[in-house]
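For reference, the chains in residue letters:
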Amino acid sequence: MSYQNILVPVDDSPISYAAVEHARSLAKLSGAKVTVLSVVAVDPFVGVDFYQVAPAITDHFMQAEAHAKNQLQEIAQSFVENGVDVTTKIHHGIATDGILFVADEIGADLIVMGSRGRTGVKRLLLGSVARTVLTESHIPVLIVKQ
């Protein structure tokens, strides 16, 4: 199967960078375009007014946004150096919702993402972004495990 539009959600984990490597290899083989996504978490229970009166929260959010932009630029450069067409995107919200939303928005035909491979109680308590995306996505998801 040949892919045309690959979505790669990333965070700061080493497994996320392994997913980037897989996506880059697949894109080179298939000539696909890649979108690298970073989801910056926003607390849905906190109103805008709170952010206006809590500079520490605003500073944290701004730092997370700046970090995401820098990370995406570095990753995008590695795709460009390998001759792969790449774009970057930042989405604000819950990781799983953002990944699925952006996949639909860009018309992705594959999601490549990392998973830490939690098992047992950790998996039950912490959940898994990769597992949720895998079960809710209507397009193929390639999970790169650590």
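Conventions we followed
- Residues numbered from 1 in each chain as written.
- Predicted model: local features only at pLDDT ≥ 70, side-chain atom pairs only at ≥ 80, totals over all residues.
- Heavy atoms only, no water.
- Helix = DSSP H or I, 4+ residues; strand = E, 2+ residues; numbered from the N terminus.
- Buried < 20%, exposed > 50% of the residue type's maximum accessible area, 1.4 Å probe, protein only.
- Salt bridge = Lys/Arg side-chain N within 4 Å of Asp/Glu carboxyl O.
- pLDDT = per-residue confidence, 0-100.
- Contact = heavy atoms within 4.5 Å.

**Q** Explain the environment of Ile94 residue by residue, including any values.
**A** The topology assignment puts Ile94 in the loop between strand 3 (86-92) and helix 4 (95-106). Among the residues examined, Ile94 registers a relative accessible area of 44% and is labelled partly exposed. Considered as a pair, Ile94 and Val40 are 54 residues apart in the sequence and their alpha carbons are 7.8 Å apart.

**Q** Tell me what's going on with the pattern of salt bridges, and back it up with residues and numbers.
**A** Under the definition given, this model contains two salt bridges. Residues Glu21 and Arg24 are paired through a salt bridge, measuring 2.5 Å at the closest nitrogen-oxygen approach. You can see Glu21 and its partner Arg24 sitting in helix 1 (residues 14-30), three residues apart, about one turn around the helix. Overall, the relative accessible area of 44% leaves Glu21 in the partly exposed class. Classification of Arg24 as buried rests on a relative accessible area of 9%. A salt bridge links Lys89 to Glu105, with the shortest nitrogen-to-oxygen separation between them at 3.3 Å. One end of the pair, Lys89, is in strand 3; the other, Glu105, is in helix 4, with 16 residues separating them in the sequence. Taking the relative accessible area as the measure of exposure, Glu105 reaches 43% and is therefore partly exposed.

**Q** For the confidence of the model for the protein, give the residues involved together with the corresponding values.
**A** For the protein, the average pLDDT comes to 86, and 81% of its residues sit at 70 or higher. Taken element by element, the predicted model of the protein shows its lowest mean pLDDT in helix 5 (residues 120-126) (48) and its highest in strand 1 (residues 5-10) (97). Below pLDDT 50 for its whole length, residues 122-126 participates in four contacts with residues either more than four positions away or in separate chains.

**Q** Can you explain the side chain of Thr96? Please cite residues and give values.
**A** Relative to the elements of secondary structure, Thr96 occurs in helix 4. Assessed through its relative accessible area of 12%, Thr96 is described here as buried.

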